[in-house]
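# A closer look at the structure
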Amino acid sequence: MTDVMHNFELYQPASLADAQELLGDHDDAWIIAGGKDSLDWFKHRVKQPSVLVDIAAIPELHGIREEADGGLYIGAMTTLTEVAESDLVNARFPALAMAASKVASPQIRNAGTLGGNVAQDTRCTYYRDGFPCYRAGGNTCYANTPTAMNREHTLFEASRCVAVTPSDTGVALAALGATFHIQGRRRDREVSADEFFIGPDVDIERMTSLEHRDILLGIRVPGTWAGAHQYFEKVADRNAWDFALVNIAMAARMEGGAIAEVSMVCGAVQCTPRRLTDVESLIVGETPGEELETLVKRVASSGAKPLNYNHFKIPLMENLAARAVRSLV
Amino acid sequence: MTGPALIFDKPNAYIGQSTPRADTNRLLEGRGRFVDDIQLPRMLHAAFLRSPYAHAEIRGLDTSAAKAAPGVVRVLTGADLEGVVEPYVGVLTHLKGLRSAPQMPLAVDRARWQGEPLAMVLARSRAEAEDAAALIEADLDPIPAACDAETALDPDAPVIHPEFGSNLAWERLVDVGDVDAAFARDDVQVVSRTLRFGRHTGVTLETRAAVAEYDPSEDRLTFHYSGQAPHMMQFIFAKHLGLAEENVRVVANDVGGSFGIKIHTYGDEVATAAAAKLLGRPVKFVADRYESFLSDIHARDHVVEARMAVDKAGKIVALDFDDLTGIGPYSMYPRTSAIEANQVLNLTGAPYDLENYRARGRVVFQNKNMMCQYRAVGHPIAMAICDGLLEDAAAKIGMDVVEMRRVNLMRDDSYPRASASGMKLDDLSHQKALNVLVETMGYDALRAEQAELRARGVYRGIGFVSMVEVTNPSPMFYGIGGAPIASQDGATVRLDAGGGLRVSSSVTEQGQGTNAILAQIAAGVFGVPIERVTVTTGDTDTVPYGGGTWASRGAGIGGEAMLQAAHALKEQVLEVAAVMLQSDAATLDIQNGSVVDGSGARMTLSDLARTVYYRGNELPSDLKPELIATRHYRVTDFPFVFTNGAMAAHVEVDTETGLVKVLNFWAVEDCGRVINPKLVDEQVRGGVVQGIGGALYEECIYSEDGQLMNATMADYLVPMAVEMPDIVVRHVETPTKTSVLGAKGAGEAGTGGAPAAVMNAVNDALRPLGATLWQMPMTPERILKALGKV
Ligand SMILES: Cc1cc2nc3c(=O)[nH]c(=O)nc-3n(C[C@H](O)[C@H](O)[C@H](O)COP(=O)(O)OP(=O)(O)OC[C@H]3O[C@@H](n4cnc5c(N)ncnc54)[C@H](O)[C@@H]3O)c2cc1C
């Protein structure tokens, strides 16, 4: 059937300016970093851009730098292995290191980049198989019909499309309050996770606010949670090299045995990383323990609207939230 | 059994040693010769258009744009192959009542599963062929489909082959003893469960691939393929392409795994051969991963209603089940898709002393990819039914599962005998294997640890399986039913002038090390260093006639033929040597490449061979030396040579996430004489991993309308190294009396046994929580559901 990629032109600019110029010259130019998501699309011939801009050779996009506030700036081309193994990341943001280390397999982490991981497209099988769904510019959702297979789809915030965010690192970055540094056609901007990851209600054909000619330069993780207690856990059908059914990231500070501050985010339950604000406000000021866990389970998934086959994600989400709180004991 | 005795303890008896495979370096250095490595002059590349629907009328295929596309030489549709390919039907006469419809390589009029080939584009490059395939305008009219096997027999289900009146392909009932009376006894306890086994598939590293070459001047077809049974394919191409059998050469060089996937007749491969014949140009087809998932045969897909009655002492009084399996729209050619259900009926309960046994099997057509024989055909279902219920019953009557097996397993000194289903059994060691297993795993300590952890809220489980494996089949498997599938195999051993041995065999190598054990046997029995042996397999032009490799028969049947041939050549050589050395052949032997007697080496084999080949004048004229010998072997005394094994899994279930972690796995295997311990261990371990895959991860997930939803390696989950446990393998060796070699098969045991052991372990962990799960794969979702959390 299809094993061979379509024909395209490959450019490998060595500077940001050249990359920008190339993107400007070609309307359907596709940025390629590690290629781990992109090449699948091409091999299946579902997406066929005529121009690829490989950004691997641009020096500014690589590396992890310390910031004055105790945070870190991580270049978009930094590989997931580099993130997972970095001493700086492990010391300050273990939730991010853990999330990166749980992505796929060592081979994919060696090639896949942090920028590509947060910018990757959704895993909805209908969409990836090339069905002409809303996200693909069509006018129906194949995953949300009475007979559709949708065990991996949304519990929250569906809006015509029911696809979920696949990124493990995105969830950790959202919990840590990271910002995304983007070079656009005219100016640079820096946006929060809330603005970076977008739902179908904002734009049904994109998962992030990156537009054509936007290059993600790097991700800034502020010092806010550096060294604080952090937690990351992921549940998948297969405990390695598999996308999350649900994952969770948390950062918290304790004071006198009680939870003083907390940030908790769940992934793979809606199109964007989902901040569990109900849980956060419930547990601030409280002492972790069995009683609190019971309450957490009660609110963690409130408002969930399961589809035909994904009810099981509700207890998963509740149990993971309770476990995150248990890790504070 | 007559033949050479005492060949197993000579100085260079390689049998029993972990000699390395000869082809390791070649493969590691990238010098393998896989089908895709073949480049021929004027070769065309094929890409297929496949049906996007599970069931559709083909109104028309407009190929004009595709034909006009760059590089395209020809576009073929089903209609173009009518008259070129004779349709094939997957039935066997000994499976009474089995029916299937004639099949063509490319669908004509109607497509019956998503992935069925509709049209074939032949172009200068694969890329151009794919580009053009996308330009074919297929006017397809989707019609109602019968996808779910469980409803395919409903009166209102769409009938896939209207001429049959229903979707039933085959049905068989085994009824032994008085099952109803046994269940009605008032001193028995009954457990009953519905077991579900998801569809999965082989996922070979090298996908199916073929290069077909046709020479019109000689009306000769050469078909290079990635497969297991060259002679079977030779017959099939001859018959269905209208060629003389001797004019068809089938070659299987290096093969990157097959697991039973590559032993069937696939439309795309037949079309490749037909296209080569039509065009007179070589044609290459290599399946991509997506079409592998859509078109490589799938396996399992069973729903079983089962019940078991046991008495107070834990004795199984009766076993009764009903198995329903979906096989796709056709029975696969030529092995048929009824064999798996047949095996389930034959094998269930076979390790146990069982008097009352009833089993019904129904095989139904459905609009999904075809289901057929894959590693450990029927075994995982058969073992899970009986051992699953056995452990369930043990829990019910409060008996230890090992104790309960001891009560029920056939005694090791009770053979020959038959199973409840009538299978002839001999040389088995269930009780001993279980004892070795219990000792190896430290059973009592594990149980103590389990109880202690449970008190702390950690849920671990221990599960067992006692199993049989069908190996070394006789003609009773396929030949009796009319299939062109040899149950005998041949080996040829030739002494070359340089003193080396060139051997060939009709069994084939797909990565399991067949060639290595053939070399071991030849070297050991004949008496040369193993480095002096060169092995050829997989070429119908040069190897003896035989069945190939499947049903764990390579070592037991191919190996015995090699043993007999090597022994025969040795006798022939010693006869010549006796004349040349003027001594008595009975006092001579061959060791380390030389003819020896009590005083040491007398003559090298190369001296002997050179004399024979070059200087025949030095030999007496009445001596007619033959430095080549061929022998064939088949199993005659039994339909199958059964092996047995005992396995155990130790798992931990995370009750909050539903994740199962396999902590340990132990396998005790009795495959008779072990020719190469390392290779047998690899086979058992690989098999266990594949079995764990079926138990925990692998499933071809179809939507209700017959769309395969996870046809990529990112979505279809095979087990990965990181989450596999250490697998401890132990052997009990009870050689089979059916051959001198005494080897039974070992290739499928792990796959056949592991699923039951893992399922039992998971249920052992879940039972204290009031839950059990009887559906494979046991995914986090299903575990959470079983626990009542969803
Ligand atoms: C088998 C498999 C399993 C996987 N399992 C997981 C998993 O468990 N968890 C998980 O989170 N992910 C998983 N992934 C996804 C994988 O981690 C991501 O595909 C990978 O991190 C993407 O990084 P990349 O550099 O290869 O991206 P690419 O494929 O190069 O790019 C991905 C997308 O991001 C865009 N992009 C990349 N970099 C930039 C940039 N600097 N600026 C603007 N746009 C950019 C590209 O245009 C493209 O659209 C899996 C992938 C596979 C194939």
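Definitions and limits used
Residues numbered from 1 in each chain as written. Chains lettered and ligands numbered in written order. Predicted model: local features only at pLDDT ≥ 70, side-chain atom pairs only at ≥ 80, totals over all residues. Near = placed C-beta within 6 Å. Helix = DSSP H or I, 4+ residues; strand = E, 2+ residues; numbered from the N terminus. Nonpolar A, V, L, I, M, F, W, Y, C, P; charged D, E, K, R; others polar. Core = buried A, V, L, I, M, F, W, Y, C linked by C-beta atoms within 7 Å. Buried ≥ 20, exposed ≤ 12 C-beta atoms within 10 Å, placed from the backbone. Contact = placed C-beta atoms within 7 Å. Pairing = 2+ DSSP bridges. Axes fitted to C-alpha atoms, helices over the stretch in contact; angles between N-to-C directions. Domains from an automatic or database assignment. Parallel < 35°, antiparallel > 145°, perpendicular 65-115°, else oblique. Left-handed = near helix turned anticlockwise from the far one by under 90°.

A few words now on the site of the ligand. Around the ligand, a shell composed of 34 residues is seen, among which A:Gly34, A:Lys36, A:Gly112, A:Gly116 and A:Ala119 lie nearest. More than a single chain frames the ligand: its nearby residues are located in chains A and B. Where the shell around the ligand is concerned, the elements lending two or more residues are β2 (30-32), α2 (38-43), α6 (106-111), α7 (114-119) and β8 (215-221) of chain A. A per-class count over the shell around the ligand returns 19 nonpolar, 10 polar and 5 charged.

This part takes up the nonpolar core. In a soluble, globular protein the nonpolar side chains are often hidden away together inside. A:Ala95, A:Leu96, A:Ala321, B:Val121, B:Ala522 and B:Val758 are the most contacted members of the largest nonpolar core, which has 368 residues in total. Top element by residues in this core is helix α15 (residues 554-581) of chain B. It accounts for 14 residues. Sequence-distant contacts of B:Val758, that is, excluding residues within four places in its chain, are made with B:Gly463, B:Ala649, B:Val651, B:Val662, B:Ile692, B:Ala695 and B:Leu696.

So, on to the sheet that holds strand β18 (residues 459-471) of chain B. Residue and element names in this part refer to chain B. Pairing within the open sheet is mixed, and its 4 strands lie in the order β18-β26-β27-β28. Both outer strands of the open sheet, β18 and β28 (726-731), are each paired with one neighbouring strand and no more. In this sheet, adjacent strand axes meet at a mean angle of 15° when their direction is disregarded. The pairing of β18 with strand β26 (residues 641-653) spans 13 bridges and is antiparallel. Looking across to β26, one finds that Met-467 is bridged to Gly-645. Along the sheet face, helix α17 (residues 677-697) touches β27 (660-670) and β28 and points at about 140° away from the line of β27.

This part takes up unusual backbone geometry. Phi is mostly negative for residues that are not glycine, and the peptide bonds are mostly trans. Residue and element names in this part refer to chain B. Note that the residue after Tyr-415, namely Pro-416, is joined by a cis bond; omega there is -5°. Geometrically, the link from Met-776 to Pro-777 is a cis peptide bond, its omega value of 0° lying close to zero. Among the structural elements, Pro-777 can be located in the loop between β29 (775-776) and α19 (780-786). Residue Ala-551 is not a glycine yet carries a positive backbone phi of 50°. Tracing the backbone shows Ala-551 in the loop between β21 (533-537) and α15. Using a count of 29 C-beta atoms within 10 Å as the deciding quantity, one classes Ala-551 as buried.

Residue and element names in this part refer to chain B. Each assigned domain of chain B is listed here: domain 1 (24-32 + 488-633), domain 2 (35-143 + 205-258 + 262-295) and domain 3 (298-475 + 637-786). For domain 1 and domain 3, the distance between their C-alpha centroids amounts to 39 Å. Taken together, the contacts link 15 residues of domain 1 with 19 residues of domain 3. Counting only elements with at least two residues in the side of domain 1 that touches domain 3, the list comes to α14 (514-526) and α15. Here the side of domain 1 that touches domain 3 takes 6 residues from α15, the largest share from any one element. Class assignment for the residues of the side of domain 1 that touches domain 3 results in 7 nonpolar, 6 polar and 2 charged.

Residue and element names in this part refer to chain B. Remark: helix α6 (residues 230-241) packs on helix α7 (residues 267-279), axes separated minimally by 11 Å, with the N-to-C direction vectors making an angle of 55°. As judged from the angle between their axes, α6 and α7 are oblique. As for how α6 packs across α7, the hand of that crossing is right-handed. Mapping the contact onto sequence places Phe-237, His-240 and Leu-241 in α6 and Val-270, Ala-273, Ala-274 and Lys-277 in α7. Residues that form the contact of α6 with α7 fall into these classes: 5 nonpolar, 1 polar and 1 charged.

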